[in-house]
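Each chain, letter by letter, is given below.
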Amino acid sequence: MAVQTVAGNATTAPVDLGPAAALSCRECGERFELGPLFACASCFGPLEVAYDLPTGSPEELRKRIEAGPDNIWRYAPLLPVPADVADKPNLNPGFTKLVKADNLARELGVTGGLYVKDDSGNPTHSFKDRVVAIAVEAARAFGFTTLSCSSTGNLAGAVGAAAARAGLRSCVFIPHDLEQGKVVMAAVYGGELVGIEGNYDDVNRFCSELIGDPLGEGWGFVNVNLRPYYGEGSKTLAYEICEQLGWRLPDQIVIPIASGSQLTKIDKGLQELIKLGLVEDRPYKIFGAQAEGCSPVSAAFKGGHDVVRPQKPNTIAKSLAIGNPADGPYVLDIARRTGGAVEDVTDEQVVDAIKLLARTEGIFGETAGGVTLGVAKKLIEAGVIDPTLTTVVVNTGDGLKTLDAVSATSQATATIKPSLDAFRAAGLGTA
Ligand SMILES: *Cc1c(COP(=O)(O)O)cnc(C)c1O
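Rules of the game
Residues numbered from 1 in each chain as written. Predicted model: local features only at pLDDT ≥ 70, side-chain atom pairs only at ≥ 80, totals over all residues. Heavy atoms only, no water. Helix = DSSP H or I, 4+ residues; strand = E, 2+ residues; numbered from the N terminus. Buried < 20%, exposed > 50% of the residue type's maximum accessible area, 1.4 Å probe, protein only. Near = heavy atom within 4 Å. Polar contact = N/O pair within 3.5 Å; in protein donor to acceptor, adjacent residues only side chain to side chain. Areas by Shrake-Rupley, 256 points an atom, 1.4 Å probe, with all protein chains shown as cover. 1 Å grid on protein atoms, 1.4 Å probe; cavity = no way out; pocket = protein on both sides within 12 Å on 5 of 7 lines; lining within 4 Å. Sits in = over half its atoms within 2 Å of the grid points. Core = buried A, V, L, I, M, F, W, Y, C linked by side-chain atoms within 4.5 Å. Domains from an automatic or database assignment.

Caption draft 1: Inspection of unusual backbone geometry at higher detail. Look at asparagine 92: it is not a glycine, yet its phi comes out positive at around 50°. On the secondary structure map, asparagine 92 appears in the loop between helix H1 (58-66) and strand E4 (98-100). A residue is classified by how much of its surface remains accessible, and asparagine 92, at 32% relative accessible area, is partly exposed. Not every positive phi belongs to a glycine, and phenylalanine 95 is a case in point at roughly 50°. Residue position: phenylalanine 95 is located in the loop between H1 and E4.

Caption draft 2: Representation of the site of the ligand in the model. Around the ligand there are 15 residues in total, and Lys128, Ser259, Gly260, Gln262 and Thr396 lie nearest to it. A distance of 2.5 Å is found between an oxygen atom of the ligand and a side-chain nitrogen or oxygen belonging to serine 259. A total of 390 Å² of accessible area belongs to the ligand in isolation, and the protein chains cover 98% of it. Using a 2 Å cut-off from the grid points, one finds that the ligand occupies the largest cavity.

Caption draft 3: Just the nonpolar core, in detail. Of all hydrophobic cores here, the largest spans 120 residues; its most connected members are Leu104, Tyr229 and Leu373. When residues in this core are grouped by element, the largest group, 10 residues, is from helix H3 (residues 128-142). Residue assignment places this core across two domains, with domain 1 (98-125 + 233-407) and domain 2 (126-230) each supplying three or more. Counting nine residues, the second-largest nonpolar core is a separate cluster that includes Cys171, Phe173, Val203 and Leu210.

Pasting the structure below:
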C-alpha cells in the first residue's frame, strides 16, 4: 500500500508514538505515515490511528495493565504514545470512579446493576483531559510549540492546563457566550483564550482557516489536525469501564454526543478489548444522548436517515452544542449495529436529571451529565434500555462549571439569625 510523506510536519526526526503504526482512512482504508493529518488525501474520509497491537497472551497483557499507574497510561500499550509517557510532564488523567449507583437504580427500577462512570474527577473536571493528554504526545512528537483547539468549553480548559504543564504555548477558541465557569477555567492557566462571535460550528470553521494560514504554522489543534490521536483518548473510558467491572463488557452504555468522537472511540475501545481477548466477546448496546435543542444525530436516528442534517443549537447543554457533528454518521452506524439508540431530552429534563443524580448518589454533573442520565431515564421508562441488564451511564463533566443550570432552584433553604430560637421558629432541621 502506498505510504505518503507528510506535508507540514514540523520535525524530521522519526516519530515514536509507541504501538501506533500509521494513519488509515476510515472510508477507503488507505494508509499514511504518522503525522498531523486528519483527512484522507484520496477520498477526504477521516483518518484513524492504526496499531501494531501487543501480541502474547491476554493474561500477560492484563497483568501488565494492572501493574501500571492509576491513570490512562496503564493502557499505554494500546495508545499512540511513547513507552516512557508516564515520565513526561502531563496531567495524568483517568482511572476515574465507576460508581455503583444503587440508590439511583432503585429510583429508576434498574435491577441488573447501574453504574455511573464519573469523569468529573479528571484534573480539569471533564473527560476532555483524556483526549488532550494523547494529543499532547502527538504535538510533542511532531514538534509543535503551540497547542490550540476549537472548543465548546471543557476542551479549552483541558488544553490550557495540559499546555501549561507540558511547557507549551496555548491559544484556544470558544464561542463568546459560554458559561462563566468554563470561561474562567479556560483562562486561568495563562494561555490566550479567544471568544469568537458565533456558535461552535463558526469557531471550528475559523480554526480550519487558521490551520491553512502562516499564522497557524507550528500549531497543534488537538481536535483538528491532531484529531486522529485526540480521539484515541476516549478509548480509555471503554478500557476503564471494563476493567472496573472485572474485565467484563457492560450490556448497555449511555454516552453523550457532541461531535460524536467519544461515542465512536468508546466502541473502538470495546472492540479492541474483544480482539485482544481481554474481555469475553458478547453483545453490548450503545446509546447516544443529545439535548433536544441540539439533536441532529437523534433526529437522524429516529427518522431512519443515514445523513445527519445540521442544526442551529439552542440548549443549556453548551458542551454538547455542535450542530454539525463530524462523527454523526458513524454514531448512527454504531447505535444501529449494536441494537442501541440515539435519543434526546428537553432542557427541563436535563435539569431534573442533574438534580436526580445529585440527590441519589452525591454526584454533581454538568449539563452534559444531565443529558446523558435524562436520556437513560427516558429509555428505561420506554423499555428500550433493559432494566435487568448491566448499564453504565457516563457523566462527562462537573456541575460546578454549569452552575446557572440549577442555581435558580438550588439555594439556601432559609437565611436566619444565628440563634437556636430563629432556627426552631423557621421549622428547620427536620428534613
Ligand atoms: C466534549 C464533551 C463531550 C463529547 O464530545 P464529543 O465531541 O462527542 O467527543 C461530552 N461531554 C462533555 C462534558 C464534553 O465537554
